[in-house]
Amino acid sequence: QRLKADPGDFSAYCNDGFELLELITENVSGMSFTDYVEENICKPLDMQQTGTPWNAFRTEEMTDTFINGNIPIAQDYCMDIGSGGILSTAEELTRFGSAFFKGDTTLLSDNSKQEMSKTAVTDEYEGSYGLGWDFVSYEDYENAGVQVISKGGDIQNQHAMLLVAPDEEISISVLSAGGSSSENQMLAMALMDIALAENGTVVEHSKPQDKETLDTVPDKYLDYADIYFSDRGVAVVSFPDKKYMQITDLSGDRPEIKQFLYTTEDSFVLMDGSVESGNAVQSKKHTTVYFKNRSGTDYICSDEYMEIGSNGMSFKSYNMQRSGKINVSDEAQAAWDARNGKKYYLYSGKYSNTLYSDMSCMKLKTYPEARGYVNGQVITDSDHAQSALSMPGGRDLQDIEMRRENGYEIMDITTAALEFISEDAIRILPDDITEIPLHTKKASWYSVGDSSDRTLTLEIPENASVYVYDAYDRMTYSSYMTEYGNDVPLPVNGKIVFLGEDGGIIKITQ
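Residues numbered from 1 in each chain as written. Predicted model: local features only at pLDDT ≥ 70, side-chain atom pairs only at ≥ 80, totals over all residues. Heavy atoms only, no water.

*Asks:* Account for the layout of surface pockets, naming residues and giving values.
*Replies:* Roughly 350 Å³ of volume is contained in the second largest pocket. Along the walls of the second largest pocket sit 15 residues, with Tyr 347, Arg 427, Ala 443, Ser 444 and Trp 445 positioned nearest its centre. Where the lining of the second largest pocket is concerned, the elements lending two or more residues are β21 (408-413) and β25 (444-447). Residue contributions to the lining of the second largest pocket peak at three residues, all from β25. Residues that form the lining of the second largest pocket fall into these classes: 10 nonpolar, three polar and two charged. (1 Å grid on protein atoms, 1.4 Å probe; cavity = no way out; pocket = protein on both sides within 12 Å on 5 of 7 lines; lining within 4 Å. Points joined across faces, edges and corners; volume = space filled by probe spheres on them. Helix = DSSP H or I, 4+ residues; strand = E, 2+ residues; numbered from the N terminus. Nonpolar A, V, L, I, M, F, W, Y, C, P; charged D, E, K, R; others polar.)

Okay, structure coming up:
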């Protein structure tokens with residue numbers, strides 16, 4: 001790995017940081033992280049249903065999980081234990097939160113807990129991180145004289161939120177199968193409001209009001225017209241006829257256009273509809289954006305209001321970074337342009353990797369409007385592209401290396417240890433095939449072809465899996481679907497992938 005910024009430059013959420021702490025804990029204590037959590041957290045708090053995938057997985061108490069709303073699927077789990085591999089119940093997670101009440105020294109001294117609940121962040125758009133906590137400051141609660149701290153977490157199908165008011169001795173947890181930790185946070189805040197009200201503290205949550213807008217953009221902003229990028233892709237910022245700001249997101253198959261009017265508060269507010277036609281209204285998402293210069297680089301920051309039911313909160317963050325001049329050779333640009341629109345399929349993931357149901361395919365995209373970029377990364381030569389993103393809130397870096405293997409191209413996301421094989425390498429599944437030899441972290445991909453009414457009966461050994469996708473790369477079958485059976489229909493022009501370990505075989509009856 002390489003650093004995205006100089007140490008101490010800014011705060012950004014980082015799973016790798018928690019994983020590093022996991023390794024440090026093991027080296028200092030001489031114990032596995034699982035044993036350390038058991039001995040030093042679970043036992044002191046009498047948490048008997050909390051642990052890691054090594055000692056607390058798929059017990060009778062685990063909730064069922066589903067995909068697409070109602071399809072049962074085996075529970076997922078995270079083996080990066082420090083950053084997402086703790087399993088618990090809502091009751092026991094709440095008990096863990098109570099260990100942070102003022103005066104409770106079961107796990108930590110009050111001095112340590114106070115240090116954890118401080119933030120070194122002075123930039124409101126950088127976040128309000130503490131040591132381990134996602135948020136240590138909520139404006140509405142602070143206006144009521146209450147400090148609330150929180151930590152959320154998500155794996156693919158399971159989500160969690162812990163909200164603690166240390167001085168008021170209130171701990172609330174919301175766990176869910178489906179949804180998201182952000183939705184859980186809204187519910188936890190509603191419960192926090194009820195608990196505080198029972199103690200005599202009423203919290204008023206302000207909702208954003210429509211802004212007063214103007215029909216002309218000041219000249220000082222016209223120089224901000226440029227290419228911007230984020231961990232989601234590339235966008236073009238323009239100011240048509242100085243009437244409004246337009247952000248055209250180039251990342252998807254079709255450009256997504258958002259229009260913003262300038263406000264009397266020296267900001268830009270998101271509009272729904274067309275400004276040009278005169279029928280635009282301020283978006284119900286109440287999104288306001290600002291330009292900000294930090295250490296010589298221009299950024300676009302956003303303040304977006306999220307509402308679920310009657311509860312809502314504002315999320316302030318850095319949103320995009322200005323590109324600056326990109327020097328790329330004609331040869332390198334042409335090499336990546338030749339890959340534009342080409343699909344690559346996950347090749348190196350283990351058979352149990354949930355990315356096969358979530359991100360099995362990646363498509364490369366270059367942009368005529370943004371020379372020098374591919375998928376938001378900066379082209380460095382004909383076979384390499386590197387993330388240039390350096391901003392608070394920007395997540396994991398993704399550097400790309402292209403190479404050839406057995407005559408086909410492999411896309412290697414080097415910073416994530418993930419390899420994707422070119423669609424060109426995928427053969428049509430033969431009609432007479434009866435078994436698939438398996439190889440460790442070497443997926444066997446096949447195309448279904450255009451024949452219809454084709455069904456396979458599969459005999460899948462332990463430590464193996466199979467996924468099926470339709471013509472649009474949407475998953476239609478996984479061997480982790482718990483009530484599906486072994487008869488698998490194949491969609492026209494779809495794909496199927498077989499995964500396992502060296503020496504294994506999946507048998508097929510057609």
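Resuming the write-up.
*Asks:* Residues and numbers for unusual backbone geometry, please.
*Replies:* In the Ramachandran plot, Glu 169 falls in the positive-phi region, its phi being about 55° despite a non-glycine side chain. We classify Glu 169 as exposed; its relative accessible area is 52%. Here the phi dihedral of Ser 295 falls at roughly 55°; this positive angle occurs in a residue that is not glycine. Within the element layout of this structure, Ser 295 appears in the loop between β12 (287-294) and β13 (297-308). Classification of Ser 295 as exposed rests on a relative accessible area of 69%. (Buried < 20%, exposed > 50% of the residue type's maximum accessible area, 1.4 Å probe, protein only.)

*Asks:* Which residues make up the sheet that holds strand β29 (residues 487-490), and what values do they have?
*Replies:* Each strand in a sheet pairs with its neighbour through backbone hydrogen bonds, running either in the same direction (parallel) or in the opposite one (antiparallel). An order of β24-β31-β26-β29 is seen for the four strands of this open sheet, with the pairing classed as antiparallel. Sheet topology places β24 (435-437) and β29 at the edges, where each strand pairs with a single neighbour. Neighbour-to-neighbour, the strand axes of this sheet turn through a mean angle of 30°, independent of strand direction. Judged from the three bridges that link them, β24 and strand β31 (residues 505-509) form a sheet pairing that is antiparallel. Its bridge partner lying in β31, Pro 437 is registered against Ile 505. (Pairing = 2+ DSSP bridges. Axes fitted to C-alpha atoms, helices over the stretch in contact; angles between N-to-C directions.)

*Asks:* Explain the confidence of the model for the protein chain to me, and be specific about the residues and the numbers.
*Replies:* When the pLDDT values of the protein chain are averaged, the result is 93; 100% of them are 70 or greater. Within the protein chain, the element-level pLDDT minimum falls on strand β14 (residues 311-322), averaging 88, and the maximum on helix α7 (residues 330-337), averaging 98. (pLDDT = per-residue confidence, 0-100.)

*Asks:* So what about the sheet that holds strand β30 (residues 495-499)? Which residues, and what values?
*Replies:* Spatial strand order, β23-β25-β30-β27-β28: five strands in an open sheet with mixed pairing. At either end of the open sheet lies a strand with only one pairing partner, and these are β23 (427-428) and β28 (475-478). As judged from the five bridges shared by strand β27 (residues 465-469) and β30, these two strands associate in the antiparallel manner. Across the sheet, residue Tyr 467 finds its bridge partner in β30, namely Val 497.

*Asks:* How would you sum up the pairing of strand β6 (residues 226-230)? Please name residues and give values.
*Replies:* Every regular strand shows the same layout, with side chains that alternate between the two sheet faces. Burial of β6 is extensive: four of the five residues sit out of reach of the surface. Of the strand pairs in this sheet, β6 and strand β7 (residues 233-238) are connected by five bridges, and their pairing is antiparallel. Bridging across to β7, Asp 226 finds its partner in Val 237. In this structure, β6 lies alongside β14, joined through two bridges in antiparallel fashion. The residue of β14 that forms the bridge with Phe 229 is Gln 321.

*Asks:* Go over the pairing of β13 with me, naming the residues and quoting the values.
*Replies:* Bridge count between β12 and β13: eight bridges; the pairing is antiparallel. Bridging from a neighbouring strand, Asn 293 pairs with Asp 298 of β13. Two successive antiparallel strands, β12 and β13, enclose a turn made up of two residues, where Ser 295 displays a positive phi of approximately 55°.

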